[in-house]
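Read off the chains here:
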Amino acid sequence: DARVTQTPRHKVTEMGQEVTMRCQPILGHNTVFWYRQTMMQGLELLAYFRNRAPLDDSGMPKDRFSAEMPDATLATLKIQPSEPRDSAVYFCASGLVLGGEGRETQYFGPGTRLLVL
Amino acid sequence: DQQVKQNSPSLSVQEGRISILNCDYTNSMFDYFLWYKKYPAEGPTFLISISSIKDKNEDGRFTVFLNKSAKHLSLHIVPSQPGDSAVYFCAASARATSGSRLTFGEGTQLTVNP
């Protein structure tokens, strides 16, 4: 049963601290997405990678957020320094083209619930 | 600028009846639409999708309808089951302008009562 895994599932930290979230995409998927879900903004895309190369990070605050894929089995999202407004659930998804339409279906991990005090 | 809108935050139906969830969009470049289901403390799960070249796609109890002229899509669940109770998100993408980026609606909480 292939699925996207994310660690940690929960994180409580203090303002100013560095936070690193990790994601293991489904084996064989070549696209990885980072989303953030808040009450105010809903689900918003932060960044995504294809074949480990960043394709779109326009949704990500560049001054404090960074996303990388050190290898095909690991994606990381880092916040430094963290702020209370970063409190949200962060989802990773990996993508695979399904069917004859050649469009990608994204499979989500369980999320990391971040609380910055 | 909310390009994908789900105007009903919640919907309650009786088990066995039809559930109809609605979604409107404003970006005419959207050419692929998806519905996801989300249970508490889990990530969204893909349900069904439809390309803009079609107006209907069916998968078991789930059918998605697309009305391009009205920029409206809907998800029909027949018959509804208590296990369908979840938050449903519609999402859209525009391959020509934004590749694989998905834009999500705010979600609709569906409750199916036994």
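Reference entry: report on the structure contained in this document.

Reading the values: rules and limits
Residues numbered from 1 in each chain as written. Chains lettered and ligands numbered in written order. Predicted model: local features only at pLDDT ≥ 70, side-chain atom pairs only at ≥ 80, totals over all residues. Heavy atoms only, no water. Contact = heavy atoms within 4.5 Å. Buried area = accessible area lost by both parts, 1.4 Å probe. Salt bridge = Lys/Arg side-chain N within 4 Å of Asp/Glu carboxyl O. Helix = DSSP H or I, 4+ residues; strand = E, 2+ residues; numbered from the N terminus. Disulfide = S-S within 2.5 Å. Buried < 20%, exposed > 50% of the residue type's maximum accessible area, 1.4 Å probe, protein only. Phe/Tyr/Trp six-rings, centres within 6.5 Å; stacked < 30°, edge-to-face > 60°. Core = buried A, V, L, I, M, F, W, Y, C linked by side-chain atoms within 4.5 Å. 1 Å grid on protein atoms, 1.4 Å probe; cavity = no way out; pocket = protein on both sides within 12 Å on 5 of 7 lines; lining within 4 Å. Points joined across faces, edges and corners; volume = space filled by probe spheres on them. Nonpolar A, V, L, I, M, F, W, Y, C, P; charged D, E, K, R; others polar. Patch = residues over 30% accessible without salt bridge, like charges linked within 9 Å, V, L, I, M, F, W, Y side chains within 5 Å. Areas by Shrake-Rupley, 256 points an atom, 1.4 Å probe, with all protein chains shown as cover.

### Some points on the interface of chain B and chain A
Alright, step 1. Residue-level contacts link 21 residues of chain B with 21 residues of chain A.
Alright, step 2. Among the residues of chain B in contact with chain A, Y32, S100 and R101 of chain B are the three that bury the most area, contributing 32% of the side total.
Alright, step 3. Taken together, the connections running from chain B to chain A amount to one salt bridge.
Alright, step 4. The residue R101 of chain B makes a salt bridge to D56 of chain A at a minimum N-O spacing of 3.1 Å.
Alright, step 5. Contributing elements (two or more residues each) for the side of chain B that touches chain A: β4 (32–38), β5 (45–51), β9 (86–93) and α1 (95–98) of chain B.
Alright, step 6. In terms of residue count, β4 of chain B provides more of the side of chain B that touches chain A than any other element does, four residues in total.

### Examining the state of the cysteines
Alright, step 1. Under the counting rule described, the total for this entry stands at two disulfides over all chains.
Alright, step 2. Shown here is the disulfide that connects C23 of chain A with C92 of chain A, its sulfur atoms set 1.9 Å apart. With the S-S bond torsion at -60 degrees, the cross-link from C23 of chain A to C92 of chain A turns out left-handed. Here C23 of chain A is found in strand β3 (residues 19–24), whereas its partner C92 of chain A is found in strand β9 (residues 88–98), with 69 residues between them in sequence.
Alright, step 3. Of the residues examined, C23 of chain A reaches a relative accessible area of 1% and is grouped as buried.
Alright, step 4. Paired by a disulfide, C23 of chain B and C90 of chain B hold their sulfur atoms 1.9 Å apart.

### Re the packing of aromatic side chains
Two measures describe an aromatic ring pair: the distance that separates the ring centres and the angle between the ring planes.
Alright, step 1. Evaluated as defined, the whole model comprises 13 aromatic pairs over all chains.
Alright, step 2. Ring geometry for F33 of chain A versus Y48 of chain A: centroids 5.0 Å apart, planes at 25 degrees, classification stacked. Here the residue F33 of chain A occupies a position in strand β4 (residues 31–38), and Y48 of chain A occupies one in strand β5 (residues 42–50), the gap between them amounting to 15 residues.
Alright, step 3. Owing to a relative accessible area of 0%, F33 of chain A belongs among the buried residues under this scheme.
Alright, step 4. An angle of 80 degrees between the planes, with centres 6.5 Å apart, marks the rings of F30 of chain B and F33 of chain B as edge-to-face. This pair shows no difference in class: F30 of chain B is buried, exactly as F33 of chain B is.
Alright, step 5. Taken together, the ring pairs in this structure connect F33, Y35, Y48, F91 and F108 of chain A together with Y36, F46, F89 and F104 of chain B into an aromatic cluster.

### Structural notes on the pattern of salt bridges
Residue and element names in this part refer to chain A.
Alright, step 1. By the definition in use, this model includes eight salt bridges over all chains.
Alright, step 2. For E83, the salt bridge is made with R64, and the minimal N-O distance between the two is 3.5 Å. Of this pair, E83 sits in the loop between β8 (74–79) and β9 while R64 sits in the loop between β6 (53–56) and β7 (65–71), placing them 19 residues apart in sequence.
Alright, step 3. Connected through salt bridges with shared partners, the residues R64, E83, R85 and D86 form a single ionic network.

### Considering the nonpolar core
Alright, step 1. Counting residues in hydrophobic clusters, the biggest one holds 24 residues, and the most contacted among them are F33, W35, L73, L75 and Y88 of chain B.
Alright, step 2. When contributions to this core are tallied by element, the ones reaching two or more residues are β3 (19–25), β4, β5, β7 (62–67), β8 (72–77), β9 and β11 (108–113) of chain B.
Alright, step 3. By size, the runner-up hydrophobic cluster in this structure holds 22 residues, among which are V4, C23, A88 and C92 of chain A.

### Quick word on the layout of surface pockets
Alright, step 1. Counted as a void, the largest pocket has a volume near 560 Å³.
Alright, step 2. Lining the largest pocket are 26 residues, and of these Q37, T38 and M39 of chain A together with K38 and F89 of chain B lie nearest its centre.
Alright, step 3. Elements that contribute at least two residues to the lining of the largest pocket include exactly β4, β5, β9 and β11 (112–116) of chain A together with β9 of chain B.
Alright, step 4. Considered class by class, the residues forming the lining of the largest pocket number 12 nonpolar, nine polar and five charged.

### Regarding a nonpolar patch on the surface
All names here are of chain A.
Alright, step 1. Nonpolar side chains collect at one region of the surface, where V12, L115 and L117 lie side by side and expose about 290 Å² of accessible area between them.
Alright, step 2. Locating L115 in the fold gives a position in strand β11.
Alright, step 3. On the accessibility criterion, L115 (40% relative accessible area) is partly exposed.

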